[in-house]
Amino acid sequence: MASFILRKAEARDVSDIMRLIKELAKFEEMEEKVVLTEKDLLEDGFGDHPFYHCLVAEVPKLQSSEGYTVIGFAMYYFTYDPWIGKLLYLEDFYVMQEFRGLGIGTKILKVLSEKAVKTRCSGMHFLVAENNTKSIEFYKRRGAADLSSEEGWRLFEIEKDDLLKMTANKSLCTVE
Amino acid sequence: MEYKLRKAEPRDVSDILRLVKELAKYEEMEDQVTLTEKELLEDGFGDTPFYHCIIAELQGENSSDDGKVVGFVMYYFTYDPWVGKQLYLEEFYVMDEYRGMGIGSGLLRHLSDLAMNTRCTGMMFVVAENNEPSIQFYKLRGAEDLSQEEGWRLFRFSKNSLVKMGTPAEE
């Protein structure tokens, strides 16, 4: 039975965070899409203005078959709903396969829930792939509502190339 | 009629709330707006802003229209662990009578500049599936429906669920 701790990620954790991000992307069959580097993660998460926060789950060294001590993580940040205010946004949430079923995921969610309530958030939002039934069950068991189903929200993206196209046009208005 | 775009200031919170409520009404969800001007002020103009706004203001020859706030965008920065910083467009609204004048396009252009200047890799936002005019507006400018293409669904834990999951408060 694994004993584990949860703690705030530190700058030294970026290579483990990168590894786990890639593992989760592989699980979602989108590993080639990870272009972020450890350098980006370091600047963006541990500089003057962090754009994300991480919780990491750690086990004693001997417990992992490959010698990793960081075996799970959650990446989150704060967003804003103009109807109800601050939200905690859960961006990534992953526990390595060999460490599942031990309550680590549940504990991570618990710590995040406490964080959200303490920082006066009105809720927690996150995305789940529609074919990820296991995760959907995990979240629904804990009271999560599928807003895409219930309210018809769809996620859109305008990628960099198209953003650049929009910046190229001459502006007719005064911009301050 | 000319207009200008500028960063929102604390004095704009009542206009921001007015436009938030107008947009909610358009989405038929007006009763769900419980946010107050006080919260908008603390959350947007305190030590740690949780959101940013760009305001569209009229500059008419007609002095009664001058300075009228007729549109806005609310945005913040998010993080995609595959590609990095993103600009997240939370709200985007131009009052009915001022549409078709290029204000919406101007706001989107301003946001695109901002995203590029802050080294974001893209802009994300949600649209209601029945909001055809908005879907067309965005698709014309290159937006992709990731819910359709990649199957992403938005989920929520309400505050009640969060409290249930957290440690019970000590008595």
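Residues numbered from 1 in each chain as written. Chains lettered and ligands numbered in written order. Predicted model: local features only at pLDDT ≥ 70, side-chain atom pairs only at ≥ 80, totals over all residues. Heavy atoms only, no water.

Per an unreviewed UniProt entry, chain B goes by Diamine acetyltransferase 1 and derives from Dissostichus mawsoni. Under the heading Sequence similarities (unreviewed entry), UniProt records this for chain B: "Belongs to the acetyltransferase family." Entered under Subcellular location (unreviewed entry) in the UniProt record, the comment concerning chain B runs "Cytoplasm". (UniProt positions renumbered as here; feature names shortened; annotations may be inferred.)

Going by the annotation in an unreviewed UniProt entry, the name recorded for chain A is Diamine acetyltransferase 1, with Dissostichus eleginoides given as the source organism. Per UniProt, chain A carries the Subunit (unreviewed entry) text "Homodimer." Its UniProt record gives chain A the following Pathway (unreviewed entry) comment, quoted word for word: "Amine and polyamine degradation; putrescine degradation; N-acetylputrescine from putrescine: step 1/1."

*Asks:* Please set out the interface of chain A and chain B residue by residue, giving values where relevant.
*Replies:* At the interface, 75 residues of chain A touch 75 residues of chain B. Summed over both partners, the interface of chain A with chain B comes to about 7700 Å²; 62% of that surface belongs to carbon and sulfur atoms. Of all residues in chain A, A:Y80, A:W83 and A:F156 give up the largest surface area on contact with chain B, accounting jointly for 14% of the area buried on that side. For the pair chain A and chain B, the number of links is five salt bridges. With its nearest N and O atoms 2.9 Å apart, the salt bridge here joins A:R154 to B:D145. Inspection of the region where chain A meets chain B yields 25 residue pairs in polar contact (both at pLDDT 80 or more). Counted by class, the side of chain A that touches chain B contains 39 nonpolar, 14 polar and 22 charged residues. By the bridge criterion, two bridges tie strand β6 (residues 145-146) of chain A to strand β7 (residues 152-158) of chain B in an arrangement that is antiparallel. Bridge pairing in β7(B) links A:A145 to B:R156. (Contact = heavy atoms within 4.5 Å. Buried area = accessible area lost by both parts, 1.4 Å probe. Salt bridge = Lys/Arg side-chain N within 4 Å of Asp/Glu carboxyl O. Polar contact = N/O pair within 3.5 Å; in protein donor to acceptor, adjacent residues only side chain to side chain. Nonpolar A, V, L, I, M, F, W, Y, C, P; charged D, E, K, R; others polar. Pairing = 2+ DSSP bridges. Helix = DSSP H or I, 4+ residues; strand = E, 2+ residues; numbered from the N terminus.)

*Asks:* I'd like to hear about the sheet that holds strand β1 (residues 5-8) of chain A, residue by residue, with values.
*Replies:* Taken in spatial order, the seven strands make up an open sheet running β1(A)-β2(A)-β3(A)-β4(A)-β5(A)-β7(B)-β6(A), and their pairing is mixed. Looking at strand neighbours, the two that pair on one side only are β1 and β6 of chain A, the edges of this open sheet. The pairing of β1(A) with strand β2 (residues 53-58) of chain A spans four bridges and is classified as antiparallel. Residue pairing across strands places A:K8 opposite A:L55, the latter belonging to β2(A). Most of the contacts of helix α1 (residues 14-27) of chain A go to strand β3 (residues 70-81) of chain A, to which it runs at about 85 degrees, and overall it touches β2, β3 and β4 (85-95) of chain A. (Axes fitted to C-alpha atoms, helices over the stretch in contact; angles between N-to-C directions.)

*Asks:* Tell me what's going on with helix α4 (residues 132-140) of chain B, and back it up with residues and numbers.
*Replies:* Residues spaced three or four apart along an α-helix face the same direction, because each turn holds 3.6 residues. Considered for burial, the residues of α4(B) that qualify are B:S134, B:I135 and B:Y138. Relative to the axis of α4(B), the buried residues are bounded by an arc of 100 degrees and lie together on one face. Along α4(B), exposed side chains directed more than 90 degrees from the buried face belong to B:P133 and B:L140. Elements in contact with the buried residues of α4(B): β7 (153-159) of chain A together with β4 (84-94) and β5 (122-128) of chain B. (Buried < 20%, exposed > 50% of the residue type's maximum accessible area, 1.4 Å probe, protein only. Arc of directions from axis to C-beta.)

*Asks:* Lay out the side chain of B:D80 in plain terms, naming residues and giving numbers.
*Replies:* Turning to its location among the elements, B:D80 is positioned in strand β3 (residues 69-80). In this view, B:D80 contacts A:L36, A:E91 and B:Q86; residues no more than four positions away in its chain are not counted.

*Asks:* A description of the packing of α1(A) against helix α2 (residues 38-46) of chain A should follow, citing residues and the corresponding values.
*Replies:* The description of two helices packed together rests on the angle between their axes and the distance between the axes. Residue and element names in this part refer to chain A. Interaxial distance between α1 and α2 falls to 9 Å at its minimum, and their mutual angle equals 115 degrees. In this view, α1 runs roughly perpendicular relative to α2, as classed from their interaxial angle. Remark: the crossing between α1 and α2 carries right-handed chirality. In this structure, α1 uses V14, S15, I17, M18 and I21 to contact α2, whose residues at the interface are E38, L41, L42 and F46. Here the residues of the contact of α1 with α2 are counted per class, giving seven nonpolar, one polar and one charged. (Parallel < 35°, antiparallel > 145°, perpendicular 65-115°, else oblique. Left-handed = near helix turned anticlockwise from the far one by under 90°.)

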